[in-house]
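Notes for the structure review
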Amino acid sequence: MNSQRLRLARTTRGGVFGYDGADPTRSLGDSAPRARRPLRPLTMAMRNTKLGTKRQCQACGARFYDLGKRPVVCARCGAEVDLNRLAKRRGRAKSPPPGGPSDESEAPVPPPVPANEPRREPPQWSAEQSGALDKVGRWLKAGEPQVFRLFGYAGVGKTTLARHVAEAARGEAAFAAFTGKAALVMRSKGCAGASTIHALIYRASEGEEGAPTFTLNHDGPASRAGLIVIDECSMVDAELGRDLLSFGKPILVLGDPAQLPPVKGGGFFTEAEPDVMLTQIHRQAENDPIIRLSQIVRSGGEVAYGDYGESRVIRRGEIDAAAVLAADQVLVGVNRTRRLYNTRIRELLGLSEALPVAGDKLVCLRNDRVKGLINGGLWRVEALGGMRKDFVRMTLRAEDGAARAQAKVAVLKQFFEGLEADLPYPVRRESDEFDYGYALTVHKAQGSQWDSVMLFDESRAFREHRARWLYTGLTRAARKLTLVR
């Protein structure tokens, strides 16, 4: 068996990454209307030619033609356009496909519902959930205060409740989260049109040298919403929180107090006590192995080695290269381990260069609202622009559904060499801040979730926050977890 396993370690003692299990902290706007003029024959011909369906971006308000490529992405800010949300606004079940029949009588007829398809039963709420819905309903009816805090542990049904509240609220609800990855998770749970908070409340416009800048969009989706729902609210800092409040809309925030507090910033909505705290695990989540593991950790128990459905708890010596590379994301505890594992994973991928190459996975290390960059956002190097005065110039493409699909950045090479701490502050502030993103710390991964996660247990480094760190790491996995202890 050992001869068939792909080994990562350079020595036989240290497992995959040559690590012997010791504490790593010790060893490691549109233009003005024009006057109408008679249509020329060419203009008439163009009018009769179908260019596609005209869309309007829900994030920045730009109008553009949808030529049939999916997903539909705004040509200006790069935000994904939710077609179902547009169809609902127009009172239709579904928008006609680009290039489809122009005669409404030829619109496609929805397929009949199979006779054997089970009827959708109304949700069966627990007493705790029913109480929460009653409190949220009274809050919406009263119209104040502006914020309602609905908190609870993983598996209690916060998102399900929020979706139900949104369906019953006056006007259209807008769903958002701090990171693009968290917004994707919300959409997968039925929160139609979920976006990043930045896409919800900011407008992208062209700044100096063609670089996009982001300013408050008072005509955007947030201004039209009857209710705003924010998930992973612990990641929202004071500036972002105040900008959200400036729209004057009721805001339902969802959070989990068992998770780690953010290292810095964040916590704008978690400083006050919750209006509702859910503790009872929803019956549909009781059999979820990841939820069960998180319950064990939260209650102070010890996680045993073994298989938990598709998930596993294994020793370091049992890791192989294929499992590491197959995971959607590798998570660790401290930055020293993160740098070590990023280097090792790049070596496994055949990337021996110290500086980024096309295709490299990067993580943003600092918020930049003007550029639309979010701390913890994941990107791929699309093209390199060369080196200039120690700055690595790159064109990046968002990997996690960020507010903008593409960004041009200039990063001092020291960030990729682990020497950024030696940079004088004035010099560092001139640089965008990115590093390799194959391995992330759990703190940096907060607010995001992946289908498959490999988590290296470094909870010992966090002392009194040991259980909260491990709980947060476990719950970053949506379907499959490998916990390495």
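Residues numbered from 1 in each chain as written. Predicted model: local features only at pLDDT ≥ 70, side-chain atom pairs only at ≥ 80, totals over all residues. Heavy atoms only, no water.

We now examine the packing of helix α10 (residues 289-298) against helix α16 (residues 466-474). At their nearest, the axes of α10 and α16 sit 9 Å apart, and the two run at 175° to each other. Taken together, the axes of α10 and α16 lie roughly antiparallel to each other. Facing Ile290, Leu293, Ser294, Val297 and Arg298 of α10, the residues of α16 in contact are Ala467, Leu470, Tyr471 and Leu474. Across the contact of α10 with α16, the residue classes tally to 7 nonpolar, 1 polar and 1 charged. (Axes fitted to C-alpha atoms, helices over the stretch in contact; angles between N-to-C directions. Helix = DSSP H or I, 4+ residues; strand = E, 2+ residues; numbered from the N terminus. Parallel < 35°, antiparallel > 145°, perpendicular 65-115°, else oblique. Contact = heavy atoms within 4.5 Å. Nonpolar A, V, L, I, M, F, W, Y, C, P; charged D, E, K, R; others polar.)

Moving on, we get to α16. Listing the buried residues of α16 in full gives Trp469, Leu470, Tyr471, Thr472, Gly473 and Leu474. Buried-residue contacts for α16 involve α10, β13 (329-332), α15 (442-445), β20 (450-456) and β21 (477-484). (Buried < 20%, exposed > 50% of the residue type's maximum accessible area, 1.4 Å probe, protein only.)

On to the sheet that holds strand β4 (residues 173-177), then. Through backbone hydrogen bonds, the strands of a sheet pair up, either in parallel or in antiparallel fashion. Sheet architecture is open: 6 strands sit in the order β5-β4-β8-β9-β3-β10, paired in parallel fashion. Across the chains shown, the open sheet's two edge strands, defined by having one partner strand only, are β5 (195-196) and β10 (276-278). Set on the sheet, helix α5 (residues 158-168) makes contact with β3 (147-152), β4, β8 (227-231), β9 (251-255) and β10; between it and β9 the angle comes to about 170°. (Pairing = 2+ DSSP bridges.)

With that settled, consider the packing of aromatic side chains. For the structure shown, the criterion picks out 5 aromatic pairs. The interplanar angle of 75° and the centroid separation of 5.1 Å between the aromatic rings of phenylalanine 268 and phenylalanine 269 together place this pair among those described as edge-to-face. Ring geometry for phenylalanine 416 against tyrosine 436: centres 5.2 Å apart, planes inclined by 50°, an arrangement best described as tilted. Of this pair, phenylalanine 416 sits in helix α13 (residues 414-417) while tyrosine 436 sits in strand β18 (residues 434-436), placing them 20 residues apart in sequence. (Phe/Tyr/Trp six-rings, centres within 6.5 Å; stacked < 30°, edge-to-face > 60°.)

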